[in-house]
Amino acid sequence: LSANWPKGVGRSVLPEIDSTNAEAARRADRFAGPEWILALHQTKGRGRRGRAWHDPAGNFAASYLLRPDMAPAQAALYSFVASLALQDALVTATGRAESFALKWPNDVLLHGAKLAGILLETSGPYLVIGIGVNLVDHPEPEPGALRPVSLMGETGLRVTPEELLDLLAPAFAHWQAQFTAYGFAPIRTAWLARAARLGERIVARTVTDTHDGTFEGIDADGALLLRAAHGLRTIPAADVFF
Ligand code: BTN
């Protein structure tokens, strides 16, 4: 384990798996402490809202399995904890602080395009935080969706999945300690300071509606705050378009 690896946290590296989130959920049945599960290749990577996640060898795919011991709505805020940690790890790996930003609810952008996504799933009292980063390759762009990019394609920098995990695990432990000690407030403040398009016009598409307005921030539950023509809207779940 690397020198900065957090104490008491497991680390598994698998050559190939269906989905690290699926594997983490299977391991929840015999939970023996928090653990990072990294796969060098996923055959059935899962994205948000039932979408597939493209994960060829060389890209980063990992899940963190933990037992949050908090109300489910509070545990869901771990997605913001993970976004902050992932951005920190990417900045450390590349030395390019100004290139990255966060997009609600939990994407990491590079040069304004989609570099990484996060998918939270629960399994009884356990939480699985799945993180995918396009290190060397990205999927085909989809009409209307944010342009996907890879770290290699945008910067020419080669970061391996293991290197990124060794930066991510301590960064996650840092933000997790803030979250468990002080709650969502410091996480929210840090997240807003890194948010893309704050104060600008965005479009939020929920399952039933499309809203456009000014991105005002996030509330204490992590919901999107959108200032629309008819007032301030609180949107708990949506896809955001710029
Ligand atoms: C998104 O739709 O933006 C979220 C993508 C999350 C992908 C990661 S890759 C590791 C983990 N295992 C999965 O099957 N999905 C997540």
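Conventions used here
- Residues numbered from 1 in each chain as written.
- Predicted model: local features only at pLDDT ≥ 70, side-chain atom pairs only at ≥ 80, totals over all residues.
- UniProt positions renumbered as here; feature names shortened; annotations may be inferred.
- Core = buried A, V, L, I, M, F, W, Y, C linked by C-beta atoms within 7 Å.
- Buried ≥ 20, exposed ≤ 12 C-beta atoms within 10 Å, placed from the backbone.
- Domains from an automatic or database assignment.
- Contact = placed C-beta atoms within 7 Å.
- Pairing = 2+ DSSP bridges.
- Helix = DSSP H or I, 4+ residues; strand = E, 2+ residues; numbered from the N terminus.
- Axes fitted to C-alpha atoms, helices over the stretch in contact; angles between N-to-C directions.
- Parallel < 35°, antiparallel > 145°, perpendicular 65-115°, else oblique.
- Left-handed = near helix turned anticlockwise from the far one by under 90°.
- Nonpolar A, V, L, I, M, F, W, Y, C, P; charged D, E, K, R; others polar.

- Going by what an unreviewed UniProt entry lists, the protein chain is known as biotin--[biotin carboxyl-carrier protein] ligase and is assigned to Roseibaca calidilacus.
- Listed in UniProt under the heading Catalytic activity (unreviewed entry), the comment for the protein chain reads: "biotin + L-lysyl-[protein] + ATP = N(6)-biotinyl-L-lysyl-[protein] + AMP + diphosphate + H(+)".

Considerations on the nonpolar core
Now for step 1: Residues Val81, Ala82, Ala85, Leu86, Ile129 and Leu168 are the most contacted members of the largest nonpolar core, which totals 61 residues.
Now for step 2: A domain-level breakdown of this core finds at least three residues from each of domain 1 (10-193) and domain 2 (201-241).
Now for step 3: Look past the residues within four positions of Leu86 in its chain and what remains in contact with it is Val108, Ala116, Ile131 and Leu168.

What to know about the sheet that holds strand E6 (residues 113-123)
Now for step 1: With mixed pairing, the seven strands of this open sheet are ordered in space as E1-E2-E3-E7-E6-E5-E4. For this open sheet the edge positions go to strand E1 (10-14) and strand E4 (100-103), each flanked by a neighbour on one side alone. Shown here is a sheet whose adjacent strand axes are inclined to one another by a mean of 20°, direction ignored.
Now for step 2: Contacts from helix H1 (residues 20-28) reach strand E2 (35-39), strand E3 (60-66), E6 and strand E7 (126-133), with the element oriented near 25° to E3.

Quick notes on the packing of helix H3 (residues 78-94) against helix H6 (residues 184-193)
To describe two helices that pack against each other, one gives the angle between their axes and the distance between the axes.
Now for step 1: It is at 10 Å that the axes of H3 and H6 come closest, and there the two elements cross at 50°. One element, H3, and the other, H6, form an angle in the oblique class. Crossing geometry of H3 relative to H6 is assigned as left-handed. Facing Phe80, Val81, Ser83 and Leu84 of H3, the residues of H6 in contact are Ile187, Ala190 and Trp191.
Now for step 2: A breakdown of the residues in the contact of H3 with H6 according to their chemical character gives six nonpolar, one polar and no charged.

A few points about the domain arrangement of the protein chain
Note: interface size is frequently given as the accessible area lost on complex formation between the parts.
Now for step 1: The domain boundaries assigned to the protein chain delineate domain 1 (10-193) and domain 2 (201-241).
Now for step 2: A separation of 23 Å is found between the C-alpha centroids of domain 1 and domain 2.
Now for step 3: Each side of the interface is counted separately: domain 1 has eleven residues, and domain 2 has eight residues.
Now for step 4: If one sorts the elements of the side of domain 1 that touches domain 2 by residue count, H6 sits on top with four residues.
Now for step 5: Among the residues forming the side of domain 1 that touches domain 2, the class breakdown is eight nonpolar, one polar and two charged.

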